[in-house]
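A structural walkthrough
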Amino acid sequence: MWSQAFGILAVALPLGSALNISVSSDGGNATSGHQYGFLHEDISNSGDGGLYAELIRNRAFQSSYRYPSTLEGWYSVNGAVLSLQNLSTPLSSALQTSVNVAAGDADGAIGLYNDGYWGMDVKQKTYTGSFWVKGSYSGDFNASLVSNITGEVFGSVAVASQSTPDEWVEHTFELVPSVDAPSSNNSFAITFDSAGAEDGSLDFNLISLFPPTYKNRANGARVDLAEVLEAFHPTFFRVPGGNMLEGLVNSSYWDWKNSIGPLKDRPGYAGVWGYQQTNGLGLLEYLELAEDMGLELVVAVWAGLALNGDITPQDELQPFIDDALNQIEFITGSADSTWGAIRAEYGHPEPFTLKYVEIGNEDWLAGAPEGWETYQEYRFPMFLQAINDAYPDIQVISSGSVLDGYDIPAPADGDYHIYGTPDDMVDQFDLFDNITIPHLIGEAAAVHPNGGTAWDGGLLQYPWWGGAIGEAASLIGYERNSDRILGALYAPIIRSLDRWQWATTMVQFAADPALTTKSTSWFVWELFAGHIFTHTLPATSDFNPAYYVAGKNEDTGAYIFKATVYNSTEGADVPVTLNFEGVSAGATAELTVLTGPEDPYGWNDPFTGVNVVTTTKTTLTADDAGAFEFSLPNLSVAVLDTGAVSNYTTRSMKYGKRY
């Protein structure tokens, strides 16, 4: 029985227990207005090879103290000899290693090809590319997109050589395939006539290829992934995400300065998730993505603690505080300020709006207890004072919470993270009822099954319906306290189906956009985020057998009710009578109900295309007493909105999984 495997609330109500709810028209609290969002960090290739639209894997042979330069992703064409070189004249101080392509015993066209991030999607659209070459060559380069299965060339372009023996020269091109590839099992190749190379070889570096990007941004985001994130109506964007900020050791944290400017000047860094990262998706790209989606930024600054527990002593911390102030100036400074001028030079003269800065990430976790003790003793207070003095309009957020035992100094807010079971998520419902200091729920997701193994047993493969129901209860709890909850952010947000370190993410993807999949959690978060309160409203009744919250959107005049039924009725539907003070007989409202599979462990499967979430929309009319009457099934999520009535009466939809 699912009730045994999934767990039941301690108190089970009689079958069919009814809810009679009356909602007052005033007396509630103003909300933050920014309830939902996401965190992004390059985990599970969600940045490089994911949200970052670059198609070439290992494009610049970058290395770090942890990851040496390799030829990963690169292969020889026609017997060419490929070798990594550290030339006396590198492309740049940031990109020291290049690849030499030599003829060896081969004649004619030679070169190298790259199979991308486990394939490349090839369609009849304009791809923009570039590569740097050093060496004397007379003739054309050929850039092409080719099937790995049949060798068919889907599109190619001749690029006239401008190369010289003494300097690195960039070559740019556009490539438009003549046909769509039948699969994503494709590669990108660069070839040249070995006879035209003066010494029989050429050096290459920073080989890049982009499809069209979201909002047509240069060096921008992958369209389908950006659109599927935008579609769940986020309002908050926390960057750079999580552990990526901290780095493995104190010398390898995410240094924002290395992530801005021309790509040839970005060295990359030792990623914390098992691979070298490029810095291609840098601070300015994050800022522009937030601008394009209309998102409120929560920018994290490095706070002197690495994942291995390295702690920056108090007498060495000031340079990093100064660096954080420079980072804020880069984001918000006018074009005639020192760092604002650099931002303007890189193409964005207008300042960005920044209201929230978080100091560090999970300082209660890395290197505990010393890391947490130093954060409270001197690291956070020093950052807080400096930012408050320089930018009094910016709200500073601690990387910990009062629930982590931190008496957060005024005027800072807290950040609370929760990864747990569905039951753990339900426990969030009243967690913040008596906490007065505002908090961001900076990372949240159901990742473990009830009654199963926790971190020692790994995460579930995909978000599942029962987990999404638990998340719904937690989100309702946060909205009940949304005068003190800045917002709730799902994390991590996306993962590659080909290489991942963290399984349970809201969206899954691969090289083939047809595999981009909205999880069960996506549907729950999208529903709630699409119906925003500006004020909560008091409601009578208790919270059994459903969890709920009511409010109003002053901008639209709509009354809104959100609810979930979490395993409290032994399978029976819950009859609901809902009355909003001020809503009279004959008023209409749209009721949206999400239901899932009989097995609460069902998930949306990228490979079969099965979507287990059913969305039913119904237009309701208030009865003579001004009440809306409906029933909610067990393990369902619902929103009733008096301002969202469409031109239909009743319809049921099984949404497709694709973006």
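The following paragraphs examine the structure supplied in this document. (Residues numbered from 1 in each chain as written. Predicted model: local features only at pLDDT ≥ 70, side-chain atom pairs only at ≥ 80, totals over all residues. Heavy atoms only, no water.)

Re the pattern of salt bridges
Evaluation of the coordinates by the stated rule reveals 23 salt bridges. Among the salt bridges present, the one from Glu-291 reaches Arg-217, with a minimum N-O distance of 2.9 Å. Taken as a pair, Glu-291 in helix α4 (residues 283-293) and Arg-217 in the loop between β12 (201-210) and α2 (223-230) lie far apart in primary sequence, 74 residues in all. Given a relative accessible area of 39%, Glu-291 falls into the partly exposed group. (Salt bridge = Lys/Arg side-chain N within 4 Å of Asp/Glu carboxyl O. Helix = DSSP H or I, 4+ residues; strand = E, 2+ residues; numbered from the N terminus. Buried < 20%, exposed > 50% of the residue type's maximum accessible area, 1.4 Å probe, protein only.)

Describing the packing of aromatic side chains
For the structure shown, the criterion picks out 41 aromatic pairs. Pairing Phe-429 with Tyr-547 gives two aromatic rings, centres 4.8 Å apart and planes at 65°, and the pair type is edge-to-face. One end of the pair, Phe-429, is in the loop between α8 (422-426) and β20 (439-446); the other, Tyr-547, is in strand β26 (residues 547-553), with 118 residues separating them in the sequence. The two residues Phe-429 and Tyr-547 agree in class, both being buried. Aromatic rings pair up to connect Phe-131, Tyr-137, Phe-141, Phe-173, Phe-188, Phe-192 and Phe-204 into one cluster. Over the ring of Trp-500 we find Arg-495, and its NZ or CZ is 4.5 Å from the ring centre. Across from the ring centre of Phe-533, 4.8 Å away, lies the NZ or CZ of Lys-562, which sits over that ring. (Phe/Tyr/Trp six-rings, centres within 6.5 Å; stacked < 30°, edge-to-face > 60°. Lys NZ or Arg CZ within 6 Å of the ring centre and 35° of its normal.)

Overview of the layout of surface pockets
The probe, sized like a water molecule, is rolled over the atoms to show the empty space still left. Taken as a whole, the largest pocket encloses approximately 670 Å³ of empty space. Considering the residues around the largest pocket, the lining is formed by 28 residues, among which Thr-128, Phe-210, Ala-218, Asn-219 and Leu-263 are closest to the centre. Of all elements in the fold, only β7 (127-134), β10 (169-175), β12 and α4 reach the threshold of two or more residues within the lining of the largest pocket. Among the elements that line the lining of the largest pocket, the one with the most residues is β7, at four residues. Per-class residue counts for the lining of the largest pocket are twelve nonpolar, ten polar and six charged. In terms of domain composition, the lining of the largest pocket takes at least three residues from each of domain 2 (74-210) and domain 3 (237-284 + 296-399). Space inside the second largest pocket adds up to approximately 350 Å³. Looking at the lining of the second largest pocket, its residues break down into 14 nonpolar, four polar and seven charged. (1 Å grid on protein atoms, 1.4 Å probe; cavity = no way out; pocket = protein on both sides within 12 Å on 5 of 7 lines; lining within 4 Å. Points joined across faces, edges and corners; volume = space filled by probe spheres on them. Nonpolar A, V, L, I, M, F, W, Y, C, P; charged D, E, K, R; others polar. Domains from an automatic or database assignment.)

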